[in-house]
Amino acid sequence: MVTSGYYLLPQKFRWAWLLAASSYFYMYFKPEYILIIFFTIVVDYVAGLLIEKAQGKARKALLLASIITNVGVLVFYKYFNFLAENINLLARHYHTTHIPLLNFILPIGLSFHTFQAMSYTIEVYRGNQKAERHFGIYALYVMFYPQMVAGPIERPQHILPQLRRVIHYESKAFVTGIFLMSAGFFKKVVIADRLGLYVDPVFSNPHAHSALELLLATYFFAFQIYCDFSGYSDIALGAALTLGIELMKNFNMPYLSCNIAEFWKRWHISLSTWFRDYVYIPLGGNRGSFAVTCLNLFIVFMISGLWHGANWKYLIWGVVHGCLLTGYYLLKKWKVSISGYSFFKWLITFNLVCLAWVFFRANTVTDSIYILNKIGHFQGRFYAADDIMAIKEIFYCVFIIVLLLLGEWCMRSHTEFSTGKKVYTALALIIACYFFGVFNEAQFIYFQF
Amino acid sequence: MRKVICLLVFVFSIGLLLLSMNQSLLNRIKQDRYFAHLNPPAATSHSWYYRLFIRSDRWRYGDLYGLSYLHPYKLPLEAFRKYPPNDIRKQTNRILYISGDSFLADKSLKGAFAGFDDVIFLDRRFPSRPFKPDSTKENYMVMEFAERNLNVFDLDKPGETGQLPDKLPTGFFERVNKALFNKDLSRNLELLLFDDKCFTIVKECKAMVNYILFGRTANEVAVSTDRKRLFLNITVDTSSIQSAFRPKSSGDIEKIDHNLDVAKRYYLSMGFKKVFLAVIPNAVSIYDSKRLPYNQLLQRVESSTDLPVISVYGTFKRDHRNLFYRSDAHWNPEGFEIWINATARALDQLK
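A quick note: this is a predicted structure, and the numbers were derived from the prediction, not measured. (Residues numbered from 1 in each chain as written. Chains lettered and ligands numbered in written order. Predicted model: local features only at pLDDT ≥ 70, side-chain atom pairs only at ≥ 80, totals over all residues.)

(A) Highlighting the overall build of chain A. Counting its secondary structure elements, chain A contains 18 helices and 0 strands. The C-alpha atoms of chain A give a radius of gyration of 23 Å, which matches the 22 Å a tight globule of 449 residues would have. Overall, chain A is about 65 × 65 × 50 Å in size when its C-alpha atoms are taken along their principal axes. The 449 residues of chain A split such that 41% are buried. Here the contacts in chain A between residues at least 6 apart in sequence split such that 75% fall between residues at least 24 apart. (Helix = DSSP H or I, 4+ residues; strand = E, 2+ residues; numbered from the N terminus. Rg over C-alpha atoms; globule rule 2.2 N^0.38 Å. Buried ≥ 20, exposed ≤ 12 C-beta atoms within 10 Å, placed from the backbone. Contact = placed C-beta atoms within 7 Å.)

(B) Quick peek at the overall build of chain B. Along the backbone of chain B there are 14 helices and 7 strands. For chain B, restricting intrachain contacts to residue pairs at least 6 apart in sequence, the fraction spanning at least 24 positions comes to 71%.

(C) Expanded view of the sheet that holds strand 3 (residues 138–146) of chain B. Residues and elements named next belong to chain B. Taken together, 5 strands build an open sheet; the order of strands is 2-1-3-6-7 and the sheet is parallel. If you trace the sheet from one side to the other, it starts and ends with strand 2 (118–123) and strand 7 (309–311), each paired once. The average angle at which neighbouring strand axes cross in this sheet is 20 degrees, direction not considered. With 6 bridges joining them, strand 1 (residues 94–100) and strand 2 adopt parallel strand pairing. (Pairing = 2+ DSSP bridges. Axes fitted to C-alpha atoms, helices over the stretch in contact; angles between N-to-C directions.)

(D) Structural context of the interface of chain A and chain B. Taken together, the contact pairs 15 residues of chain A with 17 residues of chain B. Mapped onto the side of chain A that touches chain B, the elements with two or more residues apiece are helix 1 (2–8), helix 2 (11–29), helix 17 (391–413) and helix 18 (419–436) of chain A. For the side of chain A that touches chain B, the residue count by class is 11 nonpolar, 3 polar and 1 charged. (Nonpolar A, V, L, I, M, F, W, Y, C, P; charged D, E, K, R; others polar.)

(E) Spatial organisation of the packing of helix 14 (residues 312–333) of chain A against helix 15 (residues 342–361) of chain A. All names here are of chain A. Interaxial distance between helix 14 and helix 15 falls to 8 Å at its minimum, and their mutual angle equals 160 degrees. Classified by the interaxial angle, the pair formed by helix 14 and helix 15 is roughly antiparallel. Where helix 14 crosses over helix 15, the handedness of that crossing is right-handed. Residues Lys 313, Tyr 314, Ile 316, Trp 317, Val 320, His 321 and Leu 324 of helix 14 pack against Leu 352, Ala 356, Phe 359 and Phe 360 of helix 15. (Parallel < 35°, antiparallel > 145°, perpendicular 65-115°, else oblique. Left-handed = near helix turned anticlockwise from the far one by under 90°.)

(F) Spotlight on the packing of helix 3 (residues 34–53) of chain A against helix 5 (residues 110–126) of chain A. Residue and element names in this part refer to chain A. Contact geometry for helix 3 and helix 5: axes closest at 9 Å, N-to-C directions at 10 degrees. The pairing of helix 3 with helix 5 is recorded here as roughly parallel in orientation. Here Ile 37, Thr 40, Asp 44, Ala 47, Gly 48, Ile 51 and Glu 52 of helix 3 lie close against helix 5, whose contacting residues are His 113, Thr 114, Ala 117, Tyr 120, Thr 121, Val 124 and Tyr 125. In terms of residue class, the contact of helix 3 with helix 5 is made up of 7 nonpolar, 5 polar and 2 charged.

(G) Representation of helix 14 of chain A in the model. Residues and elements named next belong to chain A. Compared with the 32 Å implied by 1.5 Å per residue over 22 residues, the 31 Å span of helix 14 between its first and last C-alpha is a close match. What helix 14 keeps buried is the set Lys 313, Tyr 314, Leu 315, Trp 317, Gly 318, Val 320, His 321, Gly 322, Leu 324 and Leu 325. Where helix 14 is buried, its residues contact helix 11 (260–266), helix 13 (290–308), helix 15 and helix 16 (365–377). Just downstream of helix 14, Lys 335 is the residue with a positive phi angle, here 60 degrees. (Expected span 1.5 Å × (residues − 1).)

(H) Molecular detail of the nonpolar core. In terms of nonpolar packing, the biggest core is built from 113 residues, with Tyr141(A), Met143(A), Ala217(A) and Phe220(A) touching the most fellow members. The biggest single contributor to this core is helix 10 (residues 211–242) of chain A, with 19 residues. Beyond its immediate sequence surroundings of up to four residues, Tyr141(A) is in contact with Tyr120(A), Pro156(A), Ile159(A), Leu160(A) and Leu163(A). With 61 residues, the next largest nonpolar core counts Tyr73(B), Leu96(B), Ile98(B) and Phe276(B) among its residues. (Core = buried A, V, L, I, M, F, W, Y, C linked by C-beta atoms within 7 Å.)

(I) Spotlight on the domain arrangement of chain A. All names here are of chain A. Taken domain by domain, chain A comprises domain 1 (11–164) and domain 2 (171–448). The distance between the C-alpha centroids of domain 1 and domain 2 comes to 26 Å. Residue-level contacts link 19 residues of domain 1 with 20 residues of domain 2. Listed by contribution, the elements that provide at least two residues to the side of domain 1 that touches domain 2 are helix 4 (56–94), helix 5, helix 7 (145–148) and helix 8 (156–164). (Domains from an automatic or database assignment.)

(J) Expanded view of the environment of His268(A). Residue and element names in this part refer to chain A. Its location among the elements puts His 268 in the loop between helix 11 and helix 12 (269–283). Residue classification places His 268 among the buried positions, given that 22 C-beta atoms sit within 10 Å. As for His 268 and Phe 229, which are separated by 39 residues in sequence, their C-alpha atoms are 8.6 Å apart.

(K) Region of the structure containing helix 10 of chain A. All names here are of chain A. With 32 residues, helix 10 extends 46 Å between its outermost C-alpha atoms, agreeing within 8% with the 46 Å of an ideal straight helix rising 1.5 Å per residue. In terms of residue burial, helix 10 counts as a mostly covered element, since 29 of its 32 residues are buried. Two residues or fewer after helix 10 comes Gly 244, characterised by a positive phi angle close to 85 degrees.

In structure tokens, the structure reads:
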């Protein structure tokens, strides 16, 4: 409906149509939360205009005010209860006052649109982007519905000109959009949700499972989260492309990486580059001593971990990745480089990433340590989780994972598919989604962030 | 041409969206689809509304078939015997109330029991206004439960005694808000677009592919170990409180007894002369009780309660006929008749 309405309307009304649709989708979850996003939009819109006009210290002050507002909203809604719980733990120890917890649900996609809004004011401050005069277009930049709830976190230089451009219907882009959307749905309902049937019960009760079952759940989760998140990104890219708008690529076959640095260049690219451009480089990046570079990396990964959720497990997941990356740069510094053996490099990288996911997925840090300990000692080499997933379904899962990797490899080597091929593939994917998909109303994992 | 296609898609989508936002229409469609197979075709088939919307196989072959679409269980449902009202000249001055669930809902029971002028069914599944029994008559109450529902019965819960659980939207903005952001929108769209006879074959193919390849059925349904029938999964899955295989402590039984006792006292205080308890066993408790260790809930409650009990468990267990539909969570006409006879025998003792 939105797409057909979009092409029926003249260009000058399209932004309003898209903004209305985006507002509706946002309000569908909890109508009153539109006020929160509206507040940050107003603040950043005004801040952008003022930053552009201001000179010297005033510019910095305005940027800071805008960032503090955005981060303040994020911290309040996402981290207040986490902070209060931890302060209360300490308070109980020292018998001091207790902070009451707030009872509300997290506004959907808060972390994503806050970061996208911040990138706008930062880019205006840096002079890379002119302040947007049109309030509606700016609001649409923050709220553009395909990517509002789970990214990709866009940059103003990339999106704002596209929202202003006169877009004519192009069947090639439209078909590519449908193709990407069907590929995204396939990843979500055929792979991620199928793997979730095994992963979720195993991780919710790790004590009842053998090391083999836990190891399998760990590998499966790696692909579950990849297919869930990259599936969403594909749907977002596709939905935007049907409107003639191109979003940035968020994943580039991360599990084929041969080292951790490469993994982070291929995984959640829009967030990695956001942290690189707005946190890591301003902190000094790799311009200082090796120790400072490592410290910067740790800071970035800790923030990145916490960005995912208000829980110690995410922080530890970030720290683990910080350690892995530091280790990699240390090896590089000591010039320990082995040419060739790509398969072993890939194998090591893949396994390290998978083991780090345990911290991300387990319910608590204690659970993750228990799981890793059990896997490390290989306690229980039997498979007895037939009630959760039969062996033949496990093999099927492995088969679709291999199929996914082959499919992505094929896509990379043949960058330009013909429109006809895309139509047939999309049709086949949609049929596969229906017959092999799991429709248990499971949300996208990254919606909670 | 492109603009025309766009316009058609747009108009169709708008129409569909508006229809799926209209919850009262959707509720009517749902209800009519549910009862369509019970209504005589002549009365319904001519209306455009029936031709357009009431074309579903979901309930025609049993609720469990409708949830799972497993083709081997696409079995016709036999009709129940109807008990029209008794001869008005033989007044007994007694009224029987039955507070029950889906096992007795939609049944014609007015003249089922000879010693009563009327039988009034109170559907426990839906909240209703508080009722008052006719004080000029002798009123009796039968509390009928499906075994699975015993676990969750609590008279103090909203809805059980006529309090409405949710405040309905009254103001204009409240109603607009509820319609615009209707939380059932995706389910309504699914209902409008795909709950149609012509999709039955596709749904059956999908169900069979998943059943044969992965041994999976719809979450709400479980297949019996002999594969002859379907069960409601909540009566099988031990993670559900309603499971026949979830161990029940003596504390759990005491809690159920207490809740039944509260209900009994409530009805007696309303003026009922006597309150009976009738528990219909789960199909799985009769036909697949060795699947896992059965918790014996029904016998334990029947033996511990001080309510007079209309028990059919033993009769059901001994009877070698099929007493439950194979594709539905409820009894079939034979099972229903056994219960009617058992209840009639228990009520006869009042004479």
